[in-house]
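Working through the structure, step by step
Residue strings, one per chain:
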Amino acid sequence: MHVHVNAAMSVDGKLSSRRREQIKISGDDDFARVDEIRADADAVLVGVGTVLADDPHLTLDDSALVSARASRGETDHPARVVADSRARTPTDARTLDDEATTYVLVSETAPEARRADLEASGAEVVVAGEERVSFLAALEALEAHGIEQLMVEGGGEVIFSLFSDGLVDELSLYVGSMVIGGRDAPTLADGEGFVADFPRLSLRDVERIDDGVLLTYDC
Ligand SMILES: NC(=O)C1=CN([C@@H]2O[C@H](COP(=O)(O)OP(=O)(O)OC[C@H]3O[C@@H](n4cnc5c(N)ncnc54)[C@H](OP(=O)(O)O)[C@@H]3O)[C@@H](O)[C@H]2O)C=CC1
Ligand SMILES: Nc1c(N[C@@H]2O[C@H](COP(=O)(O)O)[C@@H](O)[C@H]2O)[nH]c(=O)[nH]c1=O
């Protein structure tokens, strides 16, 4: 499986503010670029932190991209995936609507009743990991569902774990020209952080988009 992480951060490395509210860091052209990466993916993954903070839809905004997928014999939108060890995704989350298939990755600790609620709301629940979702196991399970190209949209906890597991192949990082600040604001890679064996990336490209910079790395 090819894992492509995409995120937008401020010049000081924050994905959003200390209030963990969604902030428009990208401009229109960059959002269009993000939509194209979604359109090329078999599935788009976020953590439950992002679902609770942003209630994202994770579908394609541009109808031309939907038509292009249809003409390739693909579903209108990529599948959606939520990493949610304890099955906390609200049943009315926008990502569970019927516009696309949604997989909720849970661990063995997820209460049975919550799993049943999610299934009743249309989600496909995938158990991978004991206490927390194991991305190594989860990505294998997604591959068995035909997912080869996985886009990851965040947030910082999930992105850190994927780097920690050595699962990231490509990173596109939009740096918007703004300062958000705050020691508790989410950053690109949160989690526990590395103290040694820091992942080293290979810079592939630098491009100016809107009023910011897109950095592309092979990982
Ligand atoms: N600017 C941008 O591009 C983006 C910004 N954001 C912002 O980021 C913030 C949310 O980020 P964040 O709070 O880090 O949330 P995440 O979306 O990274 O979700 C984190 C949660 O995912 C669950 N999870 C399940 N398995 C794992 C695992 N193996 N490793 C790590 N987490 C796992 C955990 O909850 P549990 O243990 O219960 O499963 C964890 O608390 C919001 O403010 C949002 O607006 C988000 C995406 C993109
Ligand atoms: N704010 C921000 C991003 N936020 C991402 O977009 C998701 C919203 O998706 P949707 O509800 O489908 O529009 C959100 O949950 C988060 O993952 N992405 C970016 O490229 N640039 C940005 O500035």
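Residues numbered from 1 in each chain as written. Chains lettered and ligands numbered in written order. Predicted model: local features only at pLDDT ≥ 70, side-chain atom pairs only at ≥ 80, totals over all residues. Heavy atoms only, no water.

Filter applied, for reference: UniProt positions are given in the numbering used here, feature names are shortened, and annotations may be inferred rather than shown by experiment.
The chain goes by 2,5-diamino-6-(ribosylamino)-4(3H)-pyrimidinone 5'-phosphate reductase in an unreviewed UniProt entry, where it is assigned to Haloferax mediterranei. We quote the UniProt Pathway (unreviewed entry) comment for the chain here in full: "Cofactor biosynthesis; riboflavin biosynthesis." Recorded in UniProt under Subunit (unreviewed entry), the annotation for the chain is "Homodimer."

1. What to know about the pattern of salt bridges
Oppositely charged side chains are able to pair whenever their charged atoms sit close together. Rule in force here: Whenever a carboxyl oxygen of Asp or Glu lies within 4 Å of a side-chain nitrogen of Lys or Arg, that contact is scored as a salt bridge. The classification of residues rests on relative accessible area computed with a 1.4 Å probe and restricted to protein chains. Under 20% of the type maximum is buried, over 50% is exposed, and intermediate values are partly exposed.
Under the counting rule described, the total for this entry stands at 11 salt bridges. Between Arg69 and Glu74 there is a salt bridge, and its shortest N-O distance comes to 3.7 Å. Notably, a salt bridge pairs Arg208 with Asp211, separated by 3.8 Å at the nearest N-O pair. Like Asp211, Arg208 is exposed.

2. What about the side chain of Thr102?
Our working definition: A run of H or I in DSSP becomes a helix once it reaches four residues, and a run of E becomes a strand once it reaches two; helices and strands are each numbered from the N terminus. For the purposes of these results, a polar contact is taken to be a pair of N or O atoms within 3.5 Å, where, inside protein, one atom must be able to donate a hydrogen and its partner to accept one; residues adjacent in sequence count only when each atom of the pair is a side-chain atom. Whether two residues are in contact is decided by their heavy atoms, any of which lying within 4.5 Å being enough.
The residue Thr102 is located in strand β4 (residues 102-106) in this model. Here Thr102 falls in the buried class, since its relative accessible area comes to 3%. Within the structure, Thr102 has its side chain in polar contact with the side chain of Arg80 (distance 3.2 Å). The contact partners of Thr102, leaving out residues within four places of it in the chain, are Arg80, Thr95, Leu96, Ala123 and Glu124.

3. Considering unusual backbone geometry
The residue after Gly154, namely Gly155, is reached through a cis peptide bond having omega 0°. Checked against the element boundaries, Gly155 lands in the loop between β6 (149-154) and α6 (156-164). Here the phi dihedral of Ala87 falls at roughly 55°; this positive angle occurs in a residue that is not glycine. Assignment of secondary structure puts Ala87 in the loop between β3 (79-83) and β4. Even without glycine at this site, Asp210 takes up a positive phi of about 45°. Within the secondary structure, Asp210 is located in the loop between β8 (202-209) and β9 (212-218).

4. Examining the site of ligand 2
Applicable threshold: A molecule or strand has a residue near it when one of that residue's heavy atoms lies within 4 Å. The Shrake-Rupley method, run with a 1.4 Å probe, gives the accessible areas here. Residue values count only the displayed protein chains as cover. Three classes are used: nonpolar for Ala, Val, Leu, Ile, Met, Phe, Trp, Tyr, Cys and Pro, charged for Asp, Glu, Lys and Arg, and polar for all others, with Gly counted as polar.
Near ligand 2 there are 17 residues, and of these Ile23, Ile25, Ser26, His57 and Leu58 occur at the shortest range. Side-chain polar atom of Arg38 to an oxygen atom of ligand 2: 3.0 Å apart, as the coordinates give it. Glu153 has a polar backbone atom sitting 3.4 Å from an oxygen atom of ligand 2. In the complex, 85% of the free accessible area of ligand 2, which totals 520 Å², lies under the protein chains. Every element with two or more residues in the shell around ligand 2 is listed here: β1 (2-9), α1 (28-40) and α2 (48-54). For the shell around ligand 2, the element with the highest residue contribution is α1, accounting for three residues. Across the shell around ligand 2, the residue classes break down as seven nonpolar, five polar and five charged.

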